[in-house]
Structures are given as C-alpha cells and as structure tokens.
Protein chains: 2
Amino acid sequence: MRSQKTQKRTSDALALVEALTGKSQEMADLVEQEQANLDIARKICELRTKAKLSQEELARKVGTTQSVISRLEDADYDGHSLQMLRRIAAALEKRVEIRFLPGPKLQPA
Amino acid sequence: MRSQKTQKRTSDALALVEALTGKSQEMADLVEQEQANLDIARKICELRTKAKLSQEELARKVGTTQSVISRLEDADYDGHSLQMLRRIAAALEKRVEIRFLPGPKLQPA
DNA sequence: GACAATTATCGCATGTTTGCGATAGAGTGA
DNA sequence: TCACTCTATCGCAAACATGCGATAATTGTC
C-alpha cells in the first residue's frame, strides 16, 4: 500500500546530508550521527556493487540473508556492530580500521 | 540500550569541542600513525589514560558505569557496538571513523 | 599492616541486533 | 502483459550488548 516511500536509500540520504553540510554549523552537528551512519551504509553499498555482488550473493558470503544486508545499507540504521562490519569486510576481502580522530567534524576557525 | 536518535548525552562534550577548533587537521595525521594498527580496547584505554580519567570518570561522561568501561577495555572483548564507540569518542572529544582497507591484514614493514 | 583509589569480574534485568522467512515494490526484458 | 531479478520492509525468536550493583583484586601511599 505504499506509494511513494520506496527506494529512499543511501543515495537520497547522501544528497540530503550534502545539502545540509555547509549551511550552518549547528545543522552539521545535528546531522553528524546520520552522516556517520550514512558513511557506513554507503561504503558497504559501494564495496558490494563494485564487487558486482547482489545483496543475496553478499549475504551468502557473509553467512546471513539478504534482508540483513539491506538493513545494513539503510542509512537510517545505526545499530551496526563491529562484528558484522568485520564479517562484511572479510567477505569482500577488506579489513575494518577504527580510528579516533580529534573532534567531531571541526572546521578550522 | 537507548536509541542513538533520542540520546543527547554527548551535548556537553560537543560544546567543549566547539571551543577547541583550529588544531584538528594537523593532529589527524599523528593520530592516524599512532593508532592505525592498535586494538580497540587498547585505543580506548590509551585515550582514557591520556585524558587523565579513571574508568569511573569516563563512565560518568559516557553515561554508564565503571564496569562497562572495564569490559570495553578488555582485550578479549570483541562485541563492541558502534554506538558505544561513538559515545566513548564523544566523551573524549573524538570522533569515530570507519574505513574499509584493502587486504585481510597487511603488515607494514 | 591499614587505608584509599582504581580496576576486574560476577550475575541478572533490559534493550538491541541478528537470523530468517515472507512479501511487496522497483526495474528489466521478452 | 508476464516472468525474472534485485531490493526494501515487516514480524518474530534467539543471541548478544548494555545497565547496574556488588564485590574481589590490584595498585599506591602512609
């Protein structure tokens, strides 16, 4: 029964964030969390499509099902675990690196 | 755990960070080299001790208890979630960056 | 030794992610 | 149109992380 809420995925959310960043610093702070989620979702989607894999194919490599992959590529999903990220990375012959960078998104004043 | 969407514990840390703008870019490279290949537990412990905080003090900043911090700094514990990592990072005036690097485990000479 | 501060570990309740199937929507091609 | 592929979303059970207090264990100082 949905008519227009479909396909609102990482690409649309990316455009939204890109439009918001650069407007105001306050907005950027608010969007920070979503930006981080979006990065992960977009990275997974990019890596998967570059590997020419469908969600179901990647799911089989990872050892899960297609719906799980779709959930991970959802930009609004912020429940990522490092275990799952590493499983995804391993299936795509990558490794996950975690870095603690100084300051959340600071522009030099 | 509460959803990150409705959580606002990091607002004080964000406010602190806003006063520290200006020296993020140069420190990024140092942090990258120092922490590129360290384990998550060691990173957290290192950041905390460098900030001269006890586990209980960090726990209060993060919004949890000391035992949780101790668990996160346990090297055998690999069940980290990105939400918790971001909370830790925010309390330490840092941000978490996730990168997918090529190769399973490349050892720099 | 005694004392305080810090950290490690235990147990349990609660909340969240995962696993999985089922199904709907979107796109393509015949 | 139909058939097929791919993706999004729903619902539920199981597995897992967190929240929290309590309590050892460790470390340092006197």
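Before any of the text, the structure's been laid out above.
The structure displayed is predicted, hence computed values, not measured ones.

Student: Looking at this model, I keep getting lost on the pattern of salt bridges. Mind explaining?
Tutor: Counted under the stated rule, the structure contains 10 salt bridges over all chains. In this structure, Lys50(B) engages Glu46(B) in a salt bridge whose closest nitrogen and oxygen atoms are separated by 3.2 Å. Placement of both Lys50(B) and Glu46(B) in helix H3 (residues 40-50) is noted, with a separation of 4 residues, approximately one turn of the helix. We classify Glu46(B) as partly exposed; its relative accessible area is 22%. Residue Arg60(B) pairs with Glu56(B) through a salt bridge whose shortest N-O separation is 3.6 Å. Of this pair, Arg60(B) and Glu56(B) both sit in helix H4 (residues 55-62), 4 residues apart, which is roughly one turn of that helix. Ionic contacts of the salt-bridge type, sharing partners, join the residues Glu97(A), Arg99(A), Glu97(B) and Arg99(B) into one network.

Student: So what exactly am I meant to see when it comes to the packing of helix H3 (residues 55-62) of chain A against helix H5 (residues 82-91) of chain A here?
Tutor: When two helices pack together, you describe them by how their axes are tilted relative to each other and by the distance separating the axes. Residues and elements named next belong to chain A. Contact geometry of H3 with H5 gives a least axis separation of 9 Å together with a crossing angle of 105°. For the element pair H3 / H5, the angle class is roughly perpendicular. Together, Leu58, Lys61 and Val62 of H3 and Met84, Arg87, Ile88 and Ala91 of H5 make up the contact between the two elements. Residues that form the contact of H3 with H5 fall into these classes: 5 nonpolar, no polar and 2 charged.

Conventions used here
- Residues numbered from 1 in each chain as written.
- Chains lettered and ligands numbered in written order.
- Predicted model: local features only at pLDDT ≥ 70, side-chain atom pairs only at ≥ 80, totals over all residues.
- Heavy atoms only, no water.
- Salt bridge = Lys/Arg side-chain N within 4 Å of Asp/Glu carboxyl O.
- Helix = DSSP H or I, 4+ residues; strand = E, 2+ residues; numbered from the N terminus.
- Buried < 20%, exposed > 50% of the residue type's maximum accessible area, 1.4 Å probe, protein only.
- Axes fitted to C-alpha atoms, helices over the stretch in contact; angles between N-to-C directions.
- Parallel < 35°, antiparallel > 145°, perpendicular 65-115°, else oblique.
- Contact = heavy atoms within 4.5 Å.
- Nonpolar A, V, L, I, M, F, W, Y, C, P; charged D, E, K, R; others polar.

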